Amino acid sequence: MTIDKIHSLFLECNSVATDTRKIEKDSLFVALKGEKFDANTFTNEALEKGAKYVIIDNANYYLDHRTILVENALETLQELAKYHRTFLAIPIIALTGSNGKTTTKELIHAVLTQQYKTLATIGNLNNHIGVPLTLLRFTKETEIGIVEMGANHQQEIAFLCSIAQPDFGYITNFGKAHLEGFGGVEGVIKGKSELFEQLIGTNKTIFVNIDDPIQNQKTTNVKRYTFSALNADANVSIESIKADPMVTIGYNGLVINSNLIGLYNANNINAAITIGNYFKVAAIDIKRAIENYIPENNRSQLIQKNGNEIILDAYNANPSSMNAALTNFIQLEQTNKIALLGDMFELGTESPEEHAKIIELLASQSQITTYFVGNDFYNNQINQSHLKFFKTFEDFSSFLKSNIPSKSLILIKGSRGMALERTLDFI
């Protein structure tokens, strides 16, 4: 069956699912294969749960006209998303970067929805499956689409762009994330810059933080719309930035008081301001959108619990985001500060050095009691009275039950696999 015919059947459906637990009535179910499962085996179950059609790539599970047999279900999902994107012909903003992608995407979404019917990536569905699913959520009523793109190796962003065909692009930053897959920091810069390359030489626009020398240098001769807190010649000039601990931005004579913690979130806010300005959202509406945005999902959340003030930033971590969070934490004036840090994953051969650097940074901060959790920190431990090392979370939680902090400011940060938000159960 040709992709245009599959698309016509897709338009009869209310949604797309790749998980039988999330099937809605009259949805399109795509039977993907994974390392440990083959969703073709769920064809009948999907139909019984309300799927209108099921895309399969195993002829043994063909039932009737409701089953669409293709050569490769994943590739069909991607081709369908690309076809649908062309069918809609709406402006699409793509964003990637080492840190802050999801927060920035949500801020941009909050700002643009003040004036436009806008849809954006849900959560962090930003890979070769998530991007197609995001595009297939867009409808004729959607006026602007926002697509987050994640990557851990070369050519991944380029491939996602070939599907989404963005009209606008923004890279949050270039940091030490997924070093193992990218082959070092230079590999990260090259991989993330694929978004720029997809927009160069066209009538498309790149949003650029010109205070970032890498972004500025890579986009000098392309169509761009800039922001800066240092250069008044930028398209959008940020008048002031403060963080105590929430970020406050001065823009267009207004003071925007966000609910985001740390200077590392300032550029995420500035990007949303800039993109809102480009799309002619009124400054007062931009202010309202940002001030009403409340972070969640363990990202820069401020939580009050049992007399403690907790900065929960445990969704993920890499050396760049860890350094940014700690730099901000060190600058906060509160006493009784505790840092709870978990291992940083996907660093490859650079892992021992990067974990040692974080330990070294905290070794010089005797006013901060630091608990390091995980093998990588544990294997690089040093003997300092204010630094404590735990090989596993279970070891740490056993210690914490007998040493519950009181009236403290606590930073919790680690890679997703560490799941350090579990600490809240013991505080």
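The structure this text deals with has already been given above.
The structure displayed is predicted, hence computed values, not measured ones.

**Re the overall build of the protein chain**
Then step 1. Of the regular secondary structure elements, the protein chain holds 16 helices and 19 strands.
Then step 2. For 427 residues, the compact-globule formula gives about 22 Å, and the C-alpha radius of gyration of the protein chain, at 23 Å, lands near that figure.
Then step 3. Across its three principal axes, the protein chain shows a C-alpha extent of roughly 70 × 55 × 40 Å.
Then step 4. Taken across its 427 residues, the protein chain has 53% of its residues classed as buried.
Then step 5. By sequence separation, contacts in the protein chain at least 24 residues apart represent 61% of the contacts at least 6 residues apart.
Then step 6. Per element, the accessible surface of the protein chain, about 18600 Å² overall, is 47% carbon and sulfur.
Then step 7. With 38 positive and 46 negative side-chain charges, the protein chain shows a separation of 3 Å between the mean positions of the two kinds.

**Side note on helix α16 (residues 393-401)**
Then step 1. Buried residues of α16: Phe393, Phe396, Ser397 and Leu400, and no others. Projected down its long axis, α16 shows its buried positions confined to an angular sector of 100°, all on one face.
Then step 2. In this fold, the buried residues of α16 make contact with β16 (337-342), β17 (368-373) and β18 (387-390).

**Examining the side chain of Asn265**
Then step 1. With respect to the secondary-structure elements, Asn265 resides in the loop between β13 (254-261) and α11 (266-278).
Then step 2. Leave out the neighbours within four places in its chain, and Asn265 touches Thr103, Val247, Leu260 and Ser300.

**A word on the sheet that holds β16**
Then step 1. Sheet architecture is open: six strands sit in the order β14-β15-β19-β16-β17-β18, paired in mixed fashion. Every interior strand has two partners, whereas the edge strands, β14 (301-305) and β18, have only one. Neighbour-to-neighbour, the strand axes of this sheet turn through a mean angle of 20°, independent of strand direction.
Then step 2. Relative to strand β15 (residues 308-312), β14 runs antiparallel, the two sharing five bridges. Its bridge partner lying in β15, Lys305 is registered against Asn308.
Then step 3. Contacts from helix α13 (residues 319-331) reach β15, β16, β17 and β19 (409-413) within the one sheet, and its direction differs from that of β19 by about 175°.

**Brief notes about the nonpolar core**
Then step 1. Of all hydrophobic cores here, the largest spans 43 residues; its most connected members are Leu28, Ile55, Leu135 and Met149.
Then step 2. Setting aside residues up to four positions removed in sequence, Leu28 forms contacts with Phe10, Cys13, Ser15, Val16, Ala17, Tyr53, Ile55 and Leu80.
Then step 3. By size, the runner-up hydrophobic cluster in this structure holds 35 residues, among which are Ile256, Ala271, Ile273 and Ile275.

**Description of the packing of aromatic side chains**
Then step 1. Counting across every chain of the model gives 18 aromatic pairs.
Then step 2. Pairing Phe168 with Phe207 gives two aromatic rings, centres 5.8 Å apart and planes at 20°, and the pair type is stacked. One end of the pair, Phe168, is in strand β8 (residues 168-171); the other, Phe207, is in strand β9 (residues 205-209), and 39 residues separate them in sequence. Neither residue differs from the other here; Phe168 and Phe207 are each classed as buried.
Then step 3. Plain terms: the ring middles of Tyr371 and Phe396 are 5.6 Å apart, the flat faces sit at 50° to each other, and that makes the pair tilted. Of this pair, Tyr371 sits in strand β17 while Phe396 sits in helix α16, and the two are 25 residues apart along the sequence.
Then step 4. Its relative accessible area of 9% is what places Tyr371 among the buried residues.
Then step 5. A relative accessible area of 1% places Phe396 in the buried class.
Then step 6. Of the aromatic side chains, those joined through ring pairs into one cluster are Tyr116, Phe168, Phe207, Tyr225, Tyr278 and Phe279.

**Some points on helix α12 (residues 283-292)**
Then step 1. Listed in full, the buried residues belonging to α12 are Ala283, Asp285, Ile286, Lys287, Ala289 and Ile290.
Then step 2. Contact partners of the buried residues in α12: α4 (101-112), β12 (246-251), β13 and α11.

**Description of a nonpolar patch on the surface**
Then step 1. Nonpolar side chains collect at one region of the surface, where Leu11, Tyr83 and Phe87 lie side by side and expose about 260 Å² of accessible area between them.
Then step 2. Structurally, Phe87 can be placed in helix α3 (residues 73-88).

**Brief notes about the environment of Ala363**
Then step 1. Tracing the chain through its elements places Ala363 in helix α14 (residues 351-363).
Then step 2. For the pair Ala363 and Leu340, spaced 23 residues apart in sequence, the C-alpha separation works out to 14 Å.
Then step 3. Excluding residues within four positions of it along the chain, Ala363 makes contact with Ile382, Gln384, His386 and Leu387.

Each value, and the rule that gives it
Residues numbered from 1 in each chain as written. Predicted model: local features only at pLDDT ≥ 70, side-chain atom pairs only at ≥ 80, totals over all residues. Heavy atoms only, no water. Helix = DSSP H or I, 4+ residues; strand = E, 2+ residues; numbered from the N terminus. Rg over C-alpha atoms; globule rule 2.2 N^0.38 Å. Buried < 20%, exposed > 50% of the residue type's maximum accessible area, 1.4 Å probe, protein only. Contact = heavy atoms within 4.5 Å. Areas by Shrake-Rupley, 256 points an atom, 1.4 Å probe, with all protein chains shown as cover. Lys, Arg positive; Asp, Glu negative; His and termini not counted. Charge placed at Lys NZ, Arg CZ, Asp CG, Glu CD. Arc of directions from axis to C-beta. Pairing = 2+ DSSP bridges. Axes fitted to C-alpha atoms, helices over the stretch in contact; angles between N-to-C directions. Core = buried A, V, L, I, M, F, W, Y, C linked by side-chain atoms within 4.5 Å. Phe/Tyr/Trp six-rings, centres within 6.5 Å; stacked < 30°, edge-to-face > 60°. Patch = residues over 30% accessible without salt bridge, like charges linked within 9 Å, V, L, I, M, F, W, Y side chains within 5 Å. Salt bridge = Lys/Arg side-chain N within 4 Å of Asp/Glu carboxyl O.

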